[in-house]
Amino acid sequence: MVVSLDHPYYSFFTMDAERGIKITNEIVLLAVGLGPEQWGDIRLVLSFVGSVLVIYVLVHLFSWLIEWREARDLTDSLKRFQESKG
């Protein structure tokens, strides 16, 4: 099945793939970053998980802010265009 970029389900499939990749990434980071000998130290595991969570939240926050700013700029451009035409 070929999914083009303008297909209505493209974003749905992309979101599922991204979630799978992110979860796999978290597991690999935890397993490789700490190693089996460190898994018994709960404070180390929690601090590692917490730092990954903070980075995850910050990345999504900055991504949302950038998209919000682009949407605002596009809306302003559209308003100016509509005023110039009408």
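Residues numbered from 1 in each chain as written. Predicted model: local features only at pLDDT ≥ 70, side-chain atom pairs only at ≥ 80, totals over all residues. Heavy atoms only, no water.

**Concerning the overall build of the protein**
The condition is simple: We count a stretch as a helix when DSSP gives it H or I for four or more residues in a row; a strand needs E for two or more, and each element gets its number in order from the N terminus. For every residue, the accessible area obtained with a 1.4 Å probe (protein chains only) is divided by the maximum for its type, and the residue is called buried under 20%, exposed over 50%, and partly exposed between those limits. Using a 1.4 Å probe, the Shrake-Rupley method yields the accessible areas, and only the shown protein chains count as cover for residues.
Assigned secondary structure in the protein consists of two helices and zero strands. Looking at the protein residue by residue over its 86 residues, the buried ones come to 5%. Total accessible area on the protein stands at roughly 7600 Å², and carbon and sulfur atoms take up 68% of it.

**Quick notes on the pattern of salt bridges**
Applicable threshold: Salt bridge criterion: a side-chain nitrogen from Lys or Arg within 4 Å of a carboxyl oxygen from Asp or Glu.
The final tally for this structure, using the stated rule, is one salt bridge. The salt bridge partner of D73 is R72, with a shortest N-O separation of 3.9 Å. Using a relative accessible area of 36% as the deciding quantity, one classes D73 as partly exposed. Residue classification places R72 among the partly exposed positions, given a relative accessible area of 37%.

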